[in-house]
Amino acid sequence: MISVILVNPKYSGNVGSIARVMMNFGFDELRIVGDKSIINDEAYMMAVHAKEILDNAKFYENFDEAINDLDFIIATSGARGGDRNLKRVPITPKELADKILEVKGNIGIVFGREDDGLRNEEIDKCDLLVSIPTSEKYPIMNLSHAVAVILYEIYTKKVENRFLDIRMREASKKDKELLIRKFNEFIDKNEKIPEHKKELCKVIFKRLVNRAFISGKEAWTLMSAFK
């Protein structure tokens, strides 16, 4: 279970947009530290078809209450530290996505206020800090955009993991050799290709096949075409 936690959001439109991106990427628990009035007509308008996330949002009077039942808490910040502020040394969203699915228990991803983000004392209560790499010309992102980037990275990693479980069998060495042989026969019999270009075609095709990591089904489909 991964919860999105908003600490004292100021703009209803942002809250609605966050509900929308949560549904886009398969997240459904929204926690808000603040007043219920933040969810109004503007929030519902921006949520579009994710209104149920707003309807089911949980509200808390303070930050401690919002994270009390969580096993692992991730803070987000646009401000980055260094040797002089070790509390602000973050990892990237991609690094987070690589590790978060291994974490056991209930997880919270915390996003701060639009104007000044999370405070140091709030970050101190979290287990990890994440920051999105951005241009130095304009480093601070809109709140809903930041939520979208982080949830996208996590969702993409989930999809990749599912794909690894169901992906097609990779073409064997024999499959590739047969495919290349059929292609070479096709090239040799094609009278429209100049003789001096035939060897180059064969070399290029062999490189493409070996670079592409094609599946066995793809190899046999191409063989059928060349036959």
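The structure contained in this document is the topic of the report that follows. These numbers come from a predicted model, not from an experiment. Throughout, residues of each chain are indexed from 1 in the direction in which the sequence is written. In keeping with the predicted nature of the model, local features appear solely for residues at pLDDT of at least 70, side-chain atom pairs appear and are counted solely at 80 or more, and the whole-chain, interface and lining totals rest on all residues. Each side-chain value is worked out from all heavy atoms of the structure, with water and hydrogens disregarded.

1. Description of the overall build of the protein chain
Link 1 in the chain: Of regular secondary structure, the protein chain possesses ten helices and six strands.
Link 2 in the chain: For the radius of gyration, the atoms used are the C-alpha atoms, and the globule rule reads 2.2 Å times the number of residues raised to 0.38. Whereas a compact globule of 227 residues would reach a radius of gyration of roughly 17 Å, the protein chain reaches 26 Å, over 25% beyond that.
Link 3 in the chain: For the protein chain, the C-alpha atoms occupy an extent of roughly 80 × 45 × 35 Å along the three principal directions.
Link 4 in the chain: Long-range pairs, those at least 24 residues apart, make up 80% of the contacts in the protein chain with a sequence separation of at least 6.
Link 5 in the chain: Accessible area of the protein chain: about 14000 Å², with a carbon and sulfur share of 52%.
Link 6 in the chain: Positive charges come from Lys and Arg alone, negative charges from Asp and Glu alone, with His and the N- and C-terminal ends not counted. Think of each charge as sitting on NZ of Lys, CZ of Arg, CG of Asp or CD of Glu. Across the protein chain, the mean location of the 37 positive side-chain charges is 11 Å away from that of the 36 negative side-chain charges. The helix and strand labels rest on DSSP assignments: H or I over at least four residues marks a helix, E over at least two residues marks a strand, and numbering proceeds from the N terminus. Contacts between residues were defined by any pair of non-hydrogen atoms, one from each residue, lying within 4.5 Å. Here the accessible surface of atoms and residues is derived via Shrake-Rupley with a 1.4 Å probe, and residues count as covered only by protein chains that are part of the display.

2. Comments concerning a nonpolar patch on the surface
Link 1 in the chain: A residue counts toward a patch only above 30% relative accessible area and without a salt bridge, and it is joined to like-charged neighbours within 9 Å or, for Val, Leu, Ile, Met, Phe, Trp and Tyr, to nonpolar neighbours within 5 Å. Here a salt bridge means any side-chain nitrogen of Lys or Arg lying within 4 Å of a carboxyl oxygen belonging to Asp or Glu. A contiguous nonpolar surface patch, about 270 Å² in accessible area, is contributed by L200, I204 and L208.
Link 2 in the chain: Here L200 shows up in helix α9 (residues 195-212).
Link 3 in the chain: Between buried and exposed lies partly exposed: a residue is buried under 20% and exposed over 50% of the maximum accessible area for its type, with that area taken using a 1.4 Å probe on protein chains only. Overall, L200 belongs to the exposed group, its relative accessible area being 52%.

3. Some points on the pattern of salt bridges
Link 1 in the chain: Following the criterion strictly, the structure yields twelve salt bridges and no others.
Link 2 in the chain: The shortest N-O distance in the salt bridge between R31 and E29 comes to 2.8 Å. Each of the two residues, R31 as well as E29, counts as buried.
Link 3 in the chain: Linking K202 and E199 is a salt bridge whose minimum nitrogen-to-oxygen distance equals 3.4 Å. With K202 and E199 both in helix α9, this residue pair falls three residues apart, about one helical turn.
Link 4 in the chain: Taking relative accessible area as the criterion, K202 reaches 14% and is therefore assigned buried.

4. Regarding helix α5 (residues 93-100)
Link 1 in the chain: Burial in α5 covers these residues: P93, L96, A97 and I100. End-on, the buried residues of α5 take up no more than an arc of 100°, which puts them together on one face. Within α5, the exposed residues directed more than 90 degrees away from the buried face are K94 and K99. Directions drawn from the helix axis to the C-beta atoms are what define this arc.

5. What about the pairing of strand β1 (residues 2-7)?
One face of the sheet, then the other: side chains in a regular strand alternate in exactly this way.
Link 1 in the chain: For β1, the tally of buried residues reaches six of six residues, placing the bulk of the element in the interior.
Link 2 in the chain: Side chains I2, V4 and L6 of β1 all project onto a buried face; the interleaved residues S3, I5 and V7 project onto the opposite face, where all are buried too.
Link 3 in the chain: Pairing between two strands requires that DSSP report at least two bridges joining them. Here β1 pairs with strand β5 (residues 107-111) via five bridges, running parallel. By the bridge assignment for β5, L6 is matched with F111.
Link 4 in the chain: The pairing of β1 with strand β2 (residues 29-33) spans five bridges and is parallel. What sits directly across from L6, in β2, is I32.
Link 5 in the chain: In this fold, β1 hands off to helix α1 (residues 12-24), which returns the chain to β2; that crossover is right-handed. A crossover counts as right-handed when, viewed with the strands pointing away from the observer, the path leading from the first strand over the helix to the second turns clockwise.

6. Description of the sheet that holds strand β4 (residues 72-76)
Link 1 in the chain: The strand order β3-β2-β1-β5-β4-β6 describes an open sheet built from six strands, whose pairing is parallel. On the outer flanks of this sheet lie β3 (58-60) and β6 (128-130), each paired with one strand and no other. Across the sheet, the axes of successive neighbouring strands diverge by a mean angle of 25°, strand direction being ignored.
Link 2 in the chain: α1 rests against β1 and β2 of the sheet, and its axis sits at about 155° to β2.
Link 3 in the chain: Note on definitions: angles span 0 to 180 degrees between N-to-C directions of axes, and those axes are lines fitted to C-alpha atoms, for helices only across the stretch in contact. Sheet strands touched by α5: β1, β4, β5 and β6. Its angle to β6, the strand with the most contacts, is close to 135°.

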